[in-house]
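# Examining the three-dimensional arrangement
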Amino acid sequence: MSTYEFDLITIGAGSGGMAASRHAASHGARVAVCEADRVGGTCVIRGCVPKKLFMYAAQFADAFADAAGYGWQVPETAFDLARLTAAKAAELIRIEGVYRRMLADSGVRLIAGRATVLDAHTVQVNGERLSTQRLLIATGGAPSRPAIPGIELAITSNEILDLTATPRRLLVLGSGYIAVEFASIFRGFGSEVTLAYRADEPLRGFDADLRRRLGAALADRGIVQHPGFLPARIERHGDGFACHGVDGTRLEADLVLNALGRKPNTAGLGLEQLGVELQPDSGAVRVDAWSRSSVPSVFAVGDVTDRFNLTPVAIAEGRAFVDTEFGGEARAVDHSLVASAVFTQPPIGGIGLSEERALQQGHRVEVFQADFRPMKNFLAGRKERSYMKLVVDAETERVLGLHMIGTDAPEIVQSLAVAVTMGARKRDFDATMAVHPTAAEEFVLMRKPRP
């Protein structure tokens, strides 16, 4: 019989921690999960869920504007951010309640409080010492605050979701997921938005054709962009703020959003004292393919490992860890094919290799693409276009990458991700009958590669 109180203690009740804890309990393990904040973690409380609710709200601006082209007479509209924020808060309370019930129904003990690791098998929460055979770190990440004078004057993705008034001028620093999504959202709410970033195009790491088209689409919506901008300092200026660039550029706004990245939540957990190896630059827990740290009894999943910071990946890593340690099935997550979406306006979706990455890996590629104005936009008078791209290995015909920017891109890519994951070839796309009239049919109608 085990001498430990628990078979597994999880620190962090976000997506990865929740999935792992419940899955371990289903295998008969005695499980406790410690959470210093609200149950649900970044995705449910401060990320994916509330952000998408805000995105839905912003999309109504397009719907109202387009309705006239379809015969609707829409009266003058007005947006109330305080009302949306209150509705969002109520919905998160409901979802958090569901998550709490899921833990309870699974037999997982939820302990409210900040946990610290005392040794390889002991944690302390609220002065109580708990022993465990295995320890899972699933504390996620938090907005980073680079060493920029005045950076504390900028809000982060945490605070922007609790605003009750729309800023007239919003300055967004950064060009990753968070930056471009909130730039799109608040432009939809009616703010004047400036997006300032270090790179030459937004969304570093995405396929270059999508990056270029996103930059153009954001500009068409009135979002002013300052590529190559390196912030030197932020200062108060009257009722607002001024952000100075290293090149002397001065950008003024009523509110500044710091979207300059995130960092893993490992500070103060006691991991370094225990001997858990952390990444020197980020503080992320260094793990192997099985989510094992340098200490045999300590594991980590999700954003705290800084492998692939997406909610479904954290969930998959948590379940694979449990299958390996409690289910008798050694299983690791394949991070090479992970579909992702960016909820800008227009949105982006993709899976697999960008054209640039495929070439870097030595593939001889053929590129198939479609660039068109969606049917819905004609009567609305909207000029916005959609773009789809297949990156194909010229020798095997395997689809290495699938990318899209345009209406419903995340939904379309999610479905096609199954085919790409299964190793679909270009001939499989060609043999698939189109569903007409749809935008998605363009993915199976591309016949000639790009010259």
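You'll find the structure just up there.
Here is what the cut-offs are and how they apply
- Residues numbered from 1 in each chain as written.
- Predicted model: local features only at pLDDT ≥ 70, side-chain atom pairs only at ≥ 80, totals over all residues.
- Heavy atoms only, no water.
- Helix = DSSP H or I, 4+ residues; strand = E, 2+ residues; numbered from the N terminus.
- Buried < 20%, exposed > 50% of the residue type's maximum accessible area, 1.4 Å probe, protein only.
- Areas by Shrake-Rupley, 256 points an atom, 1.4 Å probe, with all protein chains shown as cover.
- Salt bridge = Lys/Arg side-chain N within 4 Å of Asp/Glu carboxyl O.
- Pairing = 2+ DSSP bridges.
- Axes fitted to C-alpha atoms, helices over the stretch in contact; angles between N-to-C directions.
- Contact = heavy atoms within 4.5 Å.
- Expected span 1.5 Å × (residues − 1).
- Polar contact = N/O pair within 3.5 Å; in protein donor to acceptor, adjacent residues only side chain to side chain.
- 1 Å grid on protein atoms, 1.4 Å probe; cavity = no way out; pocket = protein on both sides within 12 Å on 5 of 7 lines; lining within 4 Å.
- Points joined across faces, edges and corners; volume = space filled by probe spheres on them.
- Core = buried A, V, L, I, M, F, W, Y, C linked by side-chain atoms within 4.5 Å.
- Phe/Tyr/Trp six-rings, centres within 6.5 Å; stacked < 30°, edge-to-face > 60°.
- Lys NZ or Arg CZ within 6 Å of the ring centre and 35° of its normal.
- Nonpolar A, V, L, I, M, F, W, Y, C, P; charged D, E, K, R; others polar.
- Parallel < 35°, antiparallel > 145°, perpendicular 65-115°, else oblique.
- Left-handed = near helix turned anticlockwise from the far one by under 90°.

## Concerning the overall build of the protein chain
Along its length, the protein chain carries 13 helices and 21 strands. If one aligns the C-alpha atoms of the protein chain with their principal axes, the spans along those axes are about 70 × 60 × 45 Å. With 451 residues in all, the protein chain has 49% of them scored as buried. Surface accessibility of the protein chain: about 21100 Å² in total, with carbon and sulfur atoms responsible for 52%.

## Re the pattern of salt bridges
The tally for this structure, following the rule as stated, stands at 36 salt bridges. One salt bridge in this structure joins Arg233 and Glu235, with 2.8 Å as the shortest N-O distance. For Arg233, a relative accessible area of 35% puts it in the partly exposed group. In this structure, Lys389 engages Glu355 in a salt bridge whose closest nitrogen and oxygen atoms are separated by 2.7 Å. Placement of Lys389 in strand S20 (residues 386–393) and of Glu355 in helix H10 (residues 355–360) is noted, with a sequence separation of 34 residues between them. An identical accessibility class is assigned to Lys389 and Glu355; each is buried.

## Notes on the sheet that holds strand S18 (residues 348–352)
The strand order S17-S18-S21-S20-S19 describes an open sheet built from five strands, whose pairing is antiparallel. Single-partner strands in this sheet number two, and they are strand S17 (340–342) and strand S19 (365–372). This sheet shows a mean twist of 10 degrees between the axes of neighbouring strands, independent of strand direction. As paired elements, S18 and strand S21 (residues 399–405) share five bridges and run antiparallel to each other. Bridge pairing links Gly352 to Gly401 in S21. In the packing of helix H7 (residues 208–220) onto the sheet, the strands contacted are S18, S19, S20 and S21, and the crossing angle to S21 comes to about 5 degrees.

## Observations concerning helix H4 (residues 81–106)
With 26 residues, H4 should reach 38 Å at 1.5 Å per residue; the first-to-last C-alpha distance of 37 Å fits that figure. Listing the buried residues of H4 in full gives Leu81, Leu84, Thr85, Lys88, Leu92, Ile95, Glu96 and Leu103. Considering only its buried residues, H4 is in contact with helix H1 (15–26), strand S2 (31–35), helix H2 (41–46), helix H3 (48–67), strand S3 (109–112) and helix H6 (177–188). Two or three places before Ala82, at the start of H4, stands the capping residue Asp80, its side-chain oxygen 3.1 Å from that residue's backbone nitrogen. Two residues or fewer past H4, Gly107 is found with a positive phi of approximately 85 degrees.

## Digging into the sheet that holds strand S9 (residues 192–197)
One open sheet holds the four strands; their spatial order is S10-S9-S8-S14, and the pairing between them is parallel. Across the chains shown, the open sheet's two edge strands, defined by having one partner strand only, are strand S10 (224–227) and strand S14 (255–258). Recorded for the sheet is a direction-independent mean angle of 15 degrees between the axes of neighbouring strands. Of the strand pairs in this sheet, strand S8 (residues 169–173) and S14 are connected by four bridges, and their pairing is parallel. Across the sheet, Leu171 pairs through a bridge with Val256, a residue of S14. This element, H6, spans S8, S9 and S14 of the sheet and lies at about 165 degrees to S9.

## Some words on empty space enclosed by the protein
On inspection of all chains with the given rule, the structure shows one cavity of 30 Å³ or more. Taken as a whole, the largest cavity spans an internal volume of roughly 30 Å³. Together, Ala289, Trp290, Ser291, Glu317, Ala320, Phe321, Arg331, Ala332 and Val333 line the largest cavity.

## Focus on the nonpolar core
Within the largest apolar cluster, 36 residues are counted, with the highest numbers of intra-cluster contacts made by Val172, Phe186, Phe189 and Leu195. Those elements giving two or more residues to this core turn out to be H3, H4, S8, H6, S9, H7 and S14. For this core, the element with the highest residue contribution is H6, accounting for six residues. Excluding anything up to four places from it in sequence, Phe189 contacts Phe54, Ala57, Ala58, Phe79, Leu81, Leu84 and Thr166. With 23 residues, the next largest nonpolar core counts Val125, Leu135, Val295 and Val304 among its residues.

## Observations regarding the packing of aromatic side chains
Evaluated as defined, the whole model comprises seven aromatic pairs. Aromatic side chains Phe60 and Phe64 sit 6.0 Å apart centroid to centroid with 35 degrees between the ring planes, which places their arrangement in the tilted category. Separated by four residues within a single helix, Phe60 and Phe64 lie in helix H3, roughly one turn from each other. Judged by its relative accessible area of 39%, Phe64 is partly exposed. Connected via pairs of aromatic rings, a cluster forms that spans Phe54, Phe79, Phe186 and Phe189. The ring of Phe368 has Lys426 sitting right over it, with the charged end atom 4.4 Å from the ring centre.

## Considerations on the layout of surface pockets
Of the pockets and cavities examined, the second largest pocket occupies roughly 830 Å³. If you trace the second largest pocket, you find 34 residues lining it, with Pro374, Lys376, Asn377, Thr407 and Asp408 closest to the centre. Mapped by element, the contributors of at least two residues to the lining of the second largest pocket are H3, helix H11 (375–380) and helix H12 (409–421). Looking at the lining of the second largest pocket residue by residue, the classes come out as 14 nonpolar, eight polar and 12 charged.

## A look at the environment of Leu118
Mapped onto the elements, Leu118 comes out in strand S4 (residues 115–119). For the pair Leu118 and Ala61, spaced 57 residues apart in sequence, the C-alpha to C-alpha distance is 52 Å. Sequence-distant contacts of Leu118, defined by excluding residues within four places in its chain, comprise Val123, Gln124 and Arg129.

## A look at the packing of H1 against helix H9 (residues 311–325)
It is at 7 Å that the axes of H1 and H9 come closest, and there the two elements cross at 30 degrees. Considering their axes alone, H1 and H9 lie roughly parallel with respect to each other. Remark: the crossing between H1 and H9 carries right-handed chirality. Facing H1, whose interface residues are Ser15, Gly16, Ala19, Ala20, His23 and Ala24, H9 presents Thr311, Ala314, Ile315, Gly318, Arg319, Phe321, Val322 and Asp323. Split by residue class, the contact of H1 with H9 holds seven nonpolar, five polar and two charged.

Structural measurements only, silent on function.
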